[in-house]
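Working through the structure, step by step
Each chain, written out:
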Amino acid sequence: MKTGKFITLEGMDGAGKSTHILTIVAMLKARGVEVVSTREPGGTQLGEKLRALLLHEPMHPETETLLMFAARREHIAIVIAPALARGAYVLSDRFTDATYAYQCGGRGVDMYKIELLEQWVQGSGVNALQPDVTLLFDVPVEVSVQRLSDARTPDKFERENAEFFHQLRSTYLTRAANDPARFRVVDANQSLERVKKLVEEIIATL
Ligand code: TMP
């Protein structure tokens, strides 16, 4: 049975979410709880192998979706569910909202297929595994694209065009608007210090 807390971080590439993970881990650890910091796709040995394929190999959008959920199934079985069951805080850099944003919003995969896979992998009803809180790091598309163009060698997703990023952002924001109890939208188009402060305020309320 789940007793810990499941926190996910989401946002477009270049929104800066990864920068804040260490802050969140430190804040949670200061409470004396066990913190498991992980990521998707990845988080397990098999998941990291799938990540390398997903980020660099061209493939059909539905293959991509299936592999994301294959990696997620393993991640839940080996890392997330056991950690939550022993009362840990699990902090995942991306989870299923990213599949809705990237594969449905960005690539145009049918939403109902993603919903089916979500139910298969995470369960349904009151026992479904869902994040308790999702921090959505939001920046305008132009900012994300600019930050990515300054960055190291881009992966397959980071090389997508602005239209793809517009679809991502609008899917994320729609999901956040539809589930205000779970989502906290962080305006990440501000100084690093200001964003860090916002993140700290959110974590403090958990
Ligand atoms: P990262 O750069 O935040 O580590 O994420 C890896 C990439 O994988 C990122 O561009 C988003 C993408 N992704 C999807 O397309 N679908 C998913 O379900 C997940 C978890 C990530």
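Summarised in this report is the structure supplied together with it. Please read all numbers here as calculations on a predicted model, not as lab measurements. (Residues numbered from 1 in each chain as written. Predicted model: local features only at pLDDT ≥ 70, side-chain atom pairs only at ≥ 80, totals over all residues. Heavy atoms only, no water.)

Moving on to the site of the ligand. By nearness alone, 14 residues border the ligand, and Lys-17, Arg-51, Arg-94, Thr-99 and Gln-103 come closest of all. Arg-72 places a side-chain nitrogen or oxygen 3.1 Å from an oxygen atom of the ligand. Protein burial of the ligand: of its 470 Å² of free accessible surface, 94% is covered by the chains. Mapped onto the shell around the ligand, the elements with two or more residues apiece are α2 (45-56), α3 (61-85) and α4 (96-106). With 4 residues, the top contributor of residues to the shell around the ligand is α4. The class makeup of the residues in the shell around the ligand is 6 nonpolar, 2 polar and 6 charged. (Near = heavy atom within 4 Å. Polar contact = N/O pair within 3.5 Å; in protein donor to acceptor, adjacent residues only side chain to side chain. Areas by Shrake-Rupley, 256 points an atom, 1.4 Å probe, with all protein chains shown as cover. Helix = DSSP H or I, 4+ residues; strand = E, 2+ residues; numbered from the N terminus. Nonpolar A, V, L, I, M, F, W, Y, C, P; charged D, E, K, R; others polar.)

Two elements in contact, α3 and helix α5 (residues 111-122), have axes separated by 10 Å at closest approach and are oriented at 15 degrees. Looking at the two axes, α3 sits roughly parallel to α5. Viewed along their axes, α3 and α5 form a crossing whose handedness is right-handed. Residues Glu-62, Thr-65, Leu-66, Phe-69, Arg-72, Arg-73 and Ile-76 of α3 touch α5, and the partners they reach there are Lys-113, Ile-114, Leu-117, Glu-118, Val-121 and Gln-122. Looking at side-chain class alone, the contact of α3 with α5 contains 6 nonpolar, 2 polar and 5 charged residues. (Axes fitted to C-alpha atoms, helices over the stretch in contact; angles between N-to-C directions. Parallel < 35°, antiparallel > 145°, perpendicular 65-115°, else oblique. Left-handed = near helix turned anticlockwise from the far one by under 90°. Contact = heavy atoms within 4.5 Å.)

What follows concerns the sheet that holds strand β3 (residues 89-93). Ordered by their spatial adjacency, 5 strands build an open sheet running β2-β3-β1-β4-β5, and the pairing between neighbours is parallel. Two strands in the sheet have a free side with no partner beyond their single neighbour: β2 (35-39) and β5 (183-187). Strand-to-strand twist in this sheet, taken as the mean axis angle between neighbours without regard to direction, amounts to 20 degrees. Bridge count for strand β1 (residues 5-11) against β3 is 5 bridges, and the pairing is parallel. Across the sheet, Phe-6 pairs through a bridge with Val-90, a residue of β3. Strands in contact with α3 are β1, β2 and β3; relative to β2, the strand with the most contacts, it is inclined by about 155 degrees. Of the strands in this sheet, β4 (133-138) and β5 touch helix α8 (residues 192-204), which is tilted by about 160 degrees from β5. (Pairing = 2+ DSSP bridges.)

Regular strands place side chains that alternate from one sheet face to the opposite one. Taken across its 6 residues, β4 has 6 buried, putting it largely inside the fold. Side-chain alternation along β4 places Val-133, Leu-135 and Phe-137 on one buried face and Thr-134, Leu-136 and Asp-138 on a second face that is also buried. As paired strands, β1 and β4 are joined by 5 bridges and run parallel to one another. Note that in β4 the partner of Gly-11 across the bridge is Phe-137. As defined by bridge partners, β4 adjoins β5 across 5 bridges and the pair is classed as parallel. (Buried < 20%, exposed > 50% of the residue type's maximum accessible area, 1.4 Å probe, protein only.)

Another point: the packing of helix α1 (residues 21-29) against α8. For any two helices packed against each other, the geometry comes down to the angle between their axes and how far apart the axes lie. Following both chains from N to C, one finds α1 and α8 inclined at 35 degrees, their axes separated by 10 Å at the closest point. Along this stretch, α1 crosses α8, giving a crossing that reads as right-handed. Residues Thr-23, Ile-24, Met-27 and Leu-28 of α1 touch α8, and the partners they reach there are Lys-196, Val-199, Glu-200, Ile-203 and Ala-204. For the contact of α1 with α8, the class distribution of residues is 6 nonpolar, 1 polar and 2 charged.

Across all of its chains, the model carries 15 salt bridges by this definition. Here Lys-113 makes a salt bridge to Glu-62, at a shortest N to O gap of 2.9 Å. Of this pair, Lys-113 sits in helix α5 while Glu-62 sits in helix α3; the two residues are 51 residues apart in sequence, bridging distant segments of the chain. Residue Glu-62 is classed as partly exposed on the basis of its relative accessible area of 31%. A salt bridge links Glu-201 to Lys-197; the nearest nitrogen and oxygen atoms lie 3.2 Å apart. Linking Glu-201 with Lys-197, this pair stays in helix α8, spanning 4 residues, or about one helical turn. (Salt bridge = Lys/Arg side-chain N within 4 Å of Asp/Glu carboxyl O.)

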